[in-house]
Amino acid sequence: GGGSDAPASDVAGTAISGDTIKIGVFEPTTGENGGGGMQEVLGIRYANTIVPTVDINGTTYNIELVEVDNQSDKTAAVTAAQSLISSGVVGVLGSYGSGVSIAAGQTFAEAGVPAIGCSCTNPQVTAGNDFYFRTCFLDPFQGTVMASYAAEEMGYKTAAIVSQNGDDYSTGIAAYFKQAFEQLGGTIVADETYQTNESDFNAILTTVKQSEAECVFIPCSIATATLILPQAKANGLQAHILGSDTWENESIVIAAGDAAEGVVFSTFFDENDESTPMAKDFVNGFKAYLNEDAQRITLNGGTDGVAAVSALGYDGYMTMVTALASLDGTEGDLTSVNLRDALAAVNYDGVTGNITFSETGDANKDAAYLKKVEDGKFVFVKKQIDETK
Amino acid sequence: MTSTAFLQYCLTGISIGGIYALIAIGYTMVYGILRLINFAHGDIFMMAAYFMIFAMVDFALPWYVSIVIVLAATVLLGVVIEKVAYKPLRNSPRMSIMISAIGVSYLLQNLATYLFSALPKGYPKIDFLMKTITIGGISTSVVTFITPILTLVFVFVLLQLINHTKIGMAMRAVSKDFETSQLMGIKINRVISFTFVIGCFLAGVGSILYFTPRPSVYPLVGSLPGLKCFIAAVFGGIGSIPGAMLGGFVIGLSETFIKAAGYSEFSDVFTFILLIVVLLFKPTGLFGEKITEKV
Amino acid sequence: MSDKKTILSVKDITMQFGGVVAVNNLTLKVREGEIVSLIGPNGAGKTTAFNVITGVYAPTNGEVKFHGNTIISNFPKGKMDKLYAGENKGKYKKTLEPTPDKITKLGIARTFQNIRLFKELTVLENVLIAKHMRMKANIFADTFRLNHKEEQKMREDSLELLRILDLYDVKDEIASSLPYGKQRHLEIARALATEPTLLLLDEPAAGLNPQETDELTDFIKDIRDKFHLTIFMIEHHMNLVMDISDWIYVIDFGKQIANGTPVEIQNNQHVIDAYLGVADDE
Amino acid sequence: MMSNILEIKNLVVSYGGIEAVKGIDITVPEGQIVTLIGANGAGKSTTLKSISGLVKPKQASILYHGQEIVGKTPDYIVSQGITLVPEGRRVFPNLTVLENLKIGAYLRKDSLKEDLDYIYSLFPRLKEREWQMAGTLSGGEQQMLAVGRALMSKPKVIMMDEPSLGLAPLVVKDIFKIIQTINEQGITVLLIEQNANMALKVAHKAYVIETGTITMEGTGAELLANEEIKQAYLGKTK
Amino acid sequence: MTEQKKHKLSILFSVIAIVVLAIALVGVNKFTAPTYMLRTVLQLGSIYALVAVSMNLLNGFTGLFSLGQAGFMALGAYTFAIFTIPVNQRAGVYYLYGVADWLANIELPIVAALIVAGIICAIMAAIIGAPVLRLKSDYFAIATLGFAEIVRIIVGSSPMNRVTNGSLGLKLIPKFPNFYFPFIVVVICIFIVWLLINSSYGRAFKAIREDEIAAEAMGINLAKHKRMSFIISSFFAGIGGALMAMYMGAITSTTFNITLTYNILLIVVIGGMGSLTGSIISSFLVIAAREWWLRFLDQPFFIAGVQIPLFKSGFRMVVFSIILMIVVLFFRKGIMGTKEFSWNFILKRMGKKEKTPVGGEGNE
Ligand SMILES: Nc1ncnc2c1ncn2[C@@H]1O[C@H](COP(=O)(O)OP(=O)(O)OP(=O)(O)O)[C@@H](O)[C@H]1O
Ligand SMILES: Nc1ncnc2c1ncn2[C@@H]1O[C@H](COP(=O)(O)OP(=O)(O)OP(=O)(O)O)[C@@H](O)[C@H]1O
Ligand SMILES: [Mg+2]
Ligand SMILES: [Mg+2]
């Protein structure tokens, strides 16, 4: 990271010692994003049970996960990151929610420990940070995808936006959606924001209703989604509700019930996509893993549905392991900085698609999946390819 | 703004305002007696929602039984909190109890996360509350409609209780001076518990009314309503029950109309500015007792 | 009457709390160097009069002059205009409502009926605080100790005062831990530290036993002489009042009902009826 | 021989290590006026507070009608018929004068009308101020209210901590008259007074407390005549 | 004589203690790995110590119950960030909305920006202080809380996009130039507050805390003194906010929500309202406990291969809240009460030993 006293090139990093490799799991398990964060952790834990060891140059190392809770809070995130570093991790996975990742980014960079953001979509996470990678697509792409779906696929001329004040994830996507939608000739007729932890949206929804927008784009947290949907229904809102990647989460459908019908959102992963058979195995395996233990079901929101973030967590872990396995050298010069270089060159076929990283550290993913809620189920709508790539 | 839209906003504002009022009364009563800003009050409200999920979803009890159970459990929770976290600090500096309250608030939030996960849970449907009724062109659910009415009824009953009964007089006496109250033969612990019973009962009712049309519960769901109701209580003059009610309605209505005017981003800013302006003219809130200190 | 200069002159002061008329058209004078007492039944308005003079309450109507300068002046306004019960509505046109600190700066210090010390602070700190007002240094100079000499002098003066008032030995004690009598002394010491020319004492002997009250009598005389003070005092202990007062004002229901020397007052039937009662047989 | 309504044996109270009362014995015969006199800080108020349960003694036996009341809560002790007029008035500032009087009778279930009239006849000033918030009363008015409030509970024993503080001379006399009147009605009085002259005059029995110990006891008249007492507490005689 | 000697000895002891602490700090820097958690805890703890001290100046010393600390920290942090993010990287930071023209080419050195952050907060305090300080106790608290929320929302709102980057927040804020930087700044700031508190003005503040009416009767201008205390407190809160921005490297407006104020209040009360040393000690303890010592509670915990059921994610905060309440129960007035740490205790012991040989010294 620029501005720091430790340019990426000459940090020492952490060396692997002994027969155990520590991987940090930097996720919110409490606070605003505690729910989604936990699901990502579940994906990572599952991956760890599948591949608990890695062979580097003929030596087998155990992989130990070191989990730390960043509390969905940026101040806590920096210390949480620091505590991971001090426990000797060589790589980090996470975090759900871009804000905390951005906050902790420099800490990882200064320590020379590479991090893979699994589901954080804000460009700022990887921009200007040589040590941050990510396995998902970015907000600009996602915003564009949703805008083009609304404008081209559905032919909507007017749209409303509802986003969260002070939240970089939500505001970021909203801004890109607005840009793209207006470029495609549409008009944004209402642009509303709400405060963190808001739970009453009636006034905002009435305004949206008044604006007579044909669709409303609501990039928000899972909790907000479950609140806003029933209120929209009660309010008699006719506009088509569009969501962002966070919305692929069964707890929304469970909590919101039929109020969620018809909602369309973009996501990273389609468990029914035939083109990647790995996905099928993952889905079955993961469901079995969840059902093994009632506690896991609770943490997954009371169902055995597979959240996209779990898949991304799984892929993040596997990407890390692939990079580890590709390291050469022996104990002593196996360092986190070398791991970073290995990651930059990694090529891994994951359940969410093929993963290679660009200059900035972003996965070269060019596809987003659009899904729709029908009869309480997520139904695949279409695969959207990014033409700019 | 069309007239139906206007009515719609009014209804929204009055309804949410009624719930704010119910919670604000809890704040105000506890403050009135202990001079304690009970930071945990919003979280008690949140816990009440989880109780309802247990009762109706996990134990599949009918709604009328569940409501009774929820109210009882919420009241019990409040009384237990008082006994464990506040009572031992009765003779400590005010700030210590306040920190204990913050501690309870953190504890409830974290305990809820720890036990139920941070993912939102659906709030059960109470059918008769969700029935749609149509009045003068706008349709709304029963709950929206009865919330303000219930609030007014409760406020009326409470005012009678506090101003015209012995226990009410005892509450006002205890609020100023524990020792002398004891000298009058008042069992202060009982009076304080009673205050928590009322406060938590109202939080329980508020919780049912609030979550029925907003059926999603997660550990932090009580924090923002908690803060707003605290503001409502101050707005009306902390310690005053009609004040808390008025504060609740004013805040509910004003934030609704600010959002209606297209300034949703700044709705809280306006609310706070309104609060500060009111305080500048009425330094102890709208109905707050003037602190006349005889010199 | 002597030809001493009038130091404090209260004119037509009325103080109303809503409908309650606590002080009603009160006029009185305090001459330099004297000890003047204000007596009257409970609730007569004595403390309220003190509160008006020291700026705690802005009077509803009337004027207060100190050393010949008008320091407080007011007339009924707004709601009070209707409620006002006195007769001099139009007489005082000016509004002058200084805060208590301004009055203290002018040289009027007071003690309170219910002791109001800085309870958690030490005796010395209590006195030093009273000296703060007279300090010249600004907050910057004071923080960075650029006014070392001034601070030094403040400290010395305070210690000197404590020595005179017999509080030196307890200078590092917390004020609230002192026995009641000492607390009364400290209140007076603190008031003296503001370097007043007029000292108002509100029931200085309340809570003292007769022995201690006798000691207080001498003490008040002493400080009057030592600090060249004028003393204006509210008291219910008649021994004390009659012993040291040069002049006594009696008020009832906020109105002056008599004034004169102790002997005159003791024999005033009106005062006996309203306040003193028949003298004891001993 | 009259029975003792209150017997205090070996009362020791300490505030954070400092002993304020160092083992005193006091007996209060039923139907009498007993007074405690002593310098400031001698421990008089502490003694009364211990009896009414506001202060937990380090060690003591306090028998009321032969029943141990140490460790009981203040509200219980009040319910048994022991009332305290606390030092410093302690009226409820946010309650009206009338409500203050009513709350004095908190534990009573019978009609208050007569007693209210009685109190108002003792202190006509309170009648005038019936609806005023007690917090805005003058010092003396508050003192009257505090005494009136205690009387409202119809106690068997009334303990008064400096009831004449801040009262006008006329009212002081009234207070002592009231003390005698209620005593004649059969109420036992335990009185603390700085006005030792008056207190000793009305008292059947008196104790002198100095720095937490009892240094002298006797009938009121005996102590009144005692030279040491005159020297230390009575001041210059007029 | 003994007084003076005591005074001199105390100063000597304090100097020794400071030197020892400084050496310890150098030791930590030299001999621990740069990743060692203690370093983070010390840095963050010192920042919290400064904000806690600034809050204590208001709450503990002047008796003004303010809940506006987070607002001033936000203001300080943003001011600092805006002026220090390297000019050549601004485009990257303001990637979505662009940067305001007036801002595009201003870059201040770190120390200057710190002071500017403080001054902006002081000015803001002066502006809002005039009306708000007329309010009493809890009403003042809620008004300051309102102010803090207003600042936070406005900072993160869309009209501020080109200055504060709106909801997206700022990143690439310069980090501490070296390990010692935060400590030096914090020590200087706290030392100034300490000087202030022990000056005549500090005593006036305490008088206001004890009894406003009496203070006013002593000639203390309430409005003026309250305003001074508010402004100074805000100045240091601003610097604290700026340090926080440096520590974090990236900020958004949600960082400075009401929970932050609660956390600071908690530190102040646990340390003891009206005790600077209390605030300092409690900052380090609270931060160390929450961020370091209790972390293991979030990890699955095994004893002899058996997983202990309670230990799982989230348990740490549950335990932390319980500890919080227990601490309040046992230290009702906080760790230090209103007392400051002092050498008197040790000096008294020394005095006792000394008395026998020196003999005459003690007598006057
Ligand atoms: N703030 C107030 N609001 C209403 N009434 C008040 C207020 N302050 C004083 N009073 C009334 O004014 C009258 C005069 O009170 P004040 O305290 O001046 O009496 P005082 O002469 O000092 O009596 P005491 O000797 O008992 O102290 C009293 O009847 C009191 O009830
Ligand atoms: N709450 C307390 N904490 C600490 N010390 C106390 C407390 N209350 C009383 N004391 C101390 O105990 C001693 C006895 O106090 P007490 O109030 O009983 O005296 P008193 O005889 O009633 O005196 P006074 O005539 O002043 O009312 C005094 O030295 C006093 O300072
Ligand atoms: Mg008076
Ligand atoms: Mg006493």
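Rules used in this analysis
Residues numbered from 1 in each chain as written. Chains lettered and ligands numbered in written order. Predicted model: local features only at pLDDT ≥ 70, side-chain atom pairs only at ≥ 80, totals over all residues. Heavy atoms only, no water. Helix = DSSP H or I, 4+ residues; strand = E, 2+ residues; numbered from the N terminus. Buried < 20%, exposed > 50% of the residue type's maximum accessible area, 1.4 Å probe, protein only. Contact = heavy atoms within 4.5 Å. Areas by Shrake-Rupley, 256 points an atom, 1.4 Å probe, with all protein chains shown as cover. Near = heavy atom within 4 Å. Polar contact = N/O pair within 3.5 Å; in protein donor to acceptor, adjacent residues only side chain to side chain. Nonpolar A, V, L, I, M, F, W, Y, C, P; charged D, E, K, R; others polar. Buried area = accessible area lost by both parts, 1.4 Å probe. Salt bridge = Lys/Arg side-chain N within 4 Å of Asp/Glu carboxyl O. Donors = N, O, S within 2.8 Å, 3.2 Å for Na, K, Ca; no water. Disulfide = S-S within 2.5 Å. Patch = residues over 30% accessible without salt bridge, like charges linked within 9 Å, V, L, I, M, F, W, Y side chains within 5 Å. Expected span 1.5 Å × (residues − 1). Pairing = 2+ DSSP bridges. Right-handed = clockwise from strand over helix to strand, strands pointing away.

> What exactly am I supposed to notice about the overall build of chain E here?
Looking only at helices and strands, one finds 16 helices and two strands in chain E. Considering chain E as a whole, with its 364 residues, one finds that 60% of them fall into the buried category. A fraction of 78% describes how many contacts in chain E between residues 6 or more apart in sequence connect residues 24 or more apart. Total accessible area on chain E is roughly 14000 Å²; 71% of this is exposed by carbon and sulfur atoms.

> Whenever I open this one, the site of ligand 2 confuses me. Can you help?
By nearness alone, 14 residues border ligand 2, and Gly-41, Lys-44, Ser-45, Thr-46 and Glu-87 of chain D come closest of all. Neighbouring residues of ligand 2 are not confined to one chain but are distributed across chains C and D. In the environment of ligand 2, an oxygen atom lies 2.7 Å from a nitrogen or oxygen atom belonging to the backbone of Gly-41 of chain D. Residue Glu-162 of chain D places a side-chain N or O atom 3.5 Å away from an oxygen atom belonging to ligand 2. Across the complex, the protein chains shield 65% of the 640 Å² of accessible surface that ligand 2 would expose by itself. With three residues, helix α1 (residues 44–51) of chain D is the single largest residue contributor to the shell around ligand 2. Across the shell around ligand 2, the residue classes break down as five nonpolar, six polar and three charged.

> Teacher, can you tell me more about the arrangement of the chains here?
Here seven pairs of chains make contact, and the pair sharing the most contacts is chains B and E. Contact between chain A and chain D is absent, and the minimum C-alpha spacing across the pair is 38 Å.

> What am I meant to see in the interface of chain B and chain A here?
Buried accessible area, meaning the area lost when the parts come together, often serves as the stated size of an interface. Between chain B and chain A, the contact holds 34 residues from the first and 36 residues from the second. For the pairing of chain B and chain A, the buried interface totals around 2900 Å² over both sides, and the portion due to carbon and sulfur atoms is 56%. By the criterion of area lost to chain A, the three top residues of chain B are Leu-119, Tyr-218 and Lys-259 of chain B, representing 20% of everything that side buries. Here chain B is connected to chain A by three salt bridges. A salt bridge links Asp-200 of chain A to Arg-214 of chain B, with the shortest nitrogen-to-oxygen separation between them at 2.6 Å. The tally of links from chain B across to chain A stands at ten residue pairs in polar contact (both at pLDDT 80 or more). Those elements that place two or more of their residues in the side of chain B that touches chain A are α1 (3–34), α4 (94–116), β1 (121–122), α10 (223–235) and α11 (241–260) of chain B. When residues of the side of chain B that touches chain A are assigned to their parent elements, the largest contribution, five residues, is made by α1 of chain B.

> Can you walk me through the coordination of the magnesium ion (ligand 3) in this structure?
Under perfect tetrahedral coordination by four donors, a metal shows angles of 109.5 degrees; under perfect octahedral coordination by six donors, it shows angles of 90 or 180 degrees. Residue and element names in this part refer to chain C. Bound to the magnesium ion (ligand 3) on the protein side are Thr-47 (OG1) and Gln-113 (OE1), at distances that span 1.9 to 2.2 Å. You can see Thr-47 sitting in helix α1 (residues 46–53) and its partner Gln-113 sitting in the loop between β6 (108–110) and α4 (123–132), a full 66 residues away along the chain. Assigned by exposure class, Thr-47 and Gln-113 land together as buried.

> What is the right way to read the coordination of the magnesium ion (ligand 4) from this model?
Residue and element names in this part refer to chain D. Within the protein, Ser-45 (OG) and Glu-87 (OE) serve as the donor atoms for the magnesium ion (ligand 4), at 1.8 to 2.3 Å. Taken together, the residues span a long stretch of sequence, with Ser-45 in helix α1 and Glu-87 in the loop between β6 (82–85) and α3 (97–104) at a distance of 42 residues. Under the relative-accessibility criterion, Glu-87 is labelled partly exposed at 36%.

> I tried to follow the environment of Phe-133 of chain A on my own but got confused; where do I start?
Residue and element names in this part refer to chain A. With respect to the secondary-structure elements, Phe-133 resides in strand β6 (residues 132–134). Taking the C-alpha atoms as reference points, Phe-133 and Gly-99, separated by 34 residues in sequence, lie 15 Å from one another. Excluding its chain neighbours within four sequence positions, the residues that come into contact with Phe-133 are Pro-114, Ala-115, Ile-116, Gly-117, Thr-126, Arg-340, Leu-343, Ala-344, Phe-357 and Gly-361.

> Just checking my understanding: could you explain the state of the cysteines for this structure?
Simply put, disulfide is the name for a covalent bond between the sulfur atoms of two cysteines. Evaluated as defined, the whole model comprises zero disulfides over all chains. Considering cysteine sulfurs only, Cys-215 of chain A is the nearest to Cys-220 of chain A, which forms no disulfide, with 15 Å between them. The cysteine Cys-189 of chain E is free of any disulfide, with Cys-121 of chain E supplying the nearest cysteine sulfur at 12 Å. A residue is classified by how much of its surface remains accessible, and Cys-189 of chain E, at 5% relative accessible area, is buried.

> So what exactly am I meant to see when it comes to a nonpolar patch on the surface here?
Residue and element names in this part refer to chain B. Taken together, Ile-135, Phe-145, Ile-149, Val-153, Phe-156 and Val-157 make up a surface patch of nonpolar side chains, about 530 Å² in accessible area. If you tally residues by element for the nonpolar patch, the top one is helix α6 (residues 142–164), at five residues. Tracing the backbone through its elements, the reader meets Val-153 in helix α6. Residue classification places Val-153 among the partly exposed residues on the basis of a relative accessible area of 44%.

> What should I look at first to understand helix α7 (residues 137–155) of chain E in this one?
Since the α-helix advances by 3.6 residues per turn, residues separated by three or four positions end up pointing in the same direction. Its 19 residues place the ends of α7 of chain E 27 Å apart at the C-alpha level, agreeing with the 27 Å of an ideal helix rising 1.5 Å per residue. Among the 19 residues in α7 of chain E, 17 count as buried, and that is most of the element.

> What exactly am I supposed to notice about the pairing of strand β7 (residues 198–202) of chain C here?
Residue and element names in this part refer to chain C. A large share of β7 lies buried, amounting to five of its five residues. As paired elements, β6 and β7 share three bridges and run parallel to each other. Within β7, the position partnered with Arg-110 by the bridge is Leu-200. Bridge analysis of β7 against strand β8 (residues 230–234) gives five bridges, and the strand direction is parallel. Across the sheet, residue Leu-201 finds its bridge partner in β8, namely Met-233. What joins β7 to β8 is helix α8 (residues 210–226), and the crossover it makes is right-handed.

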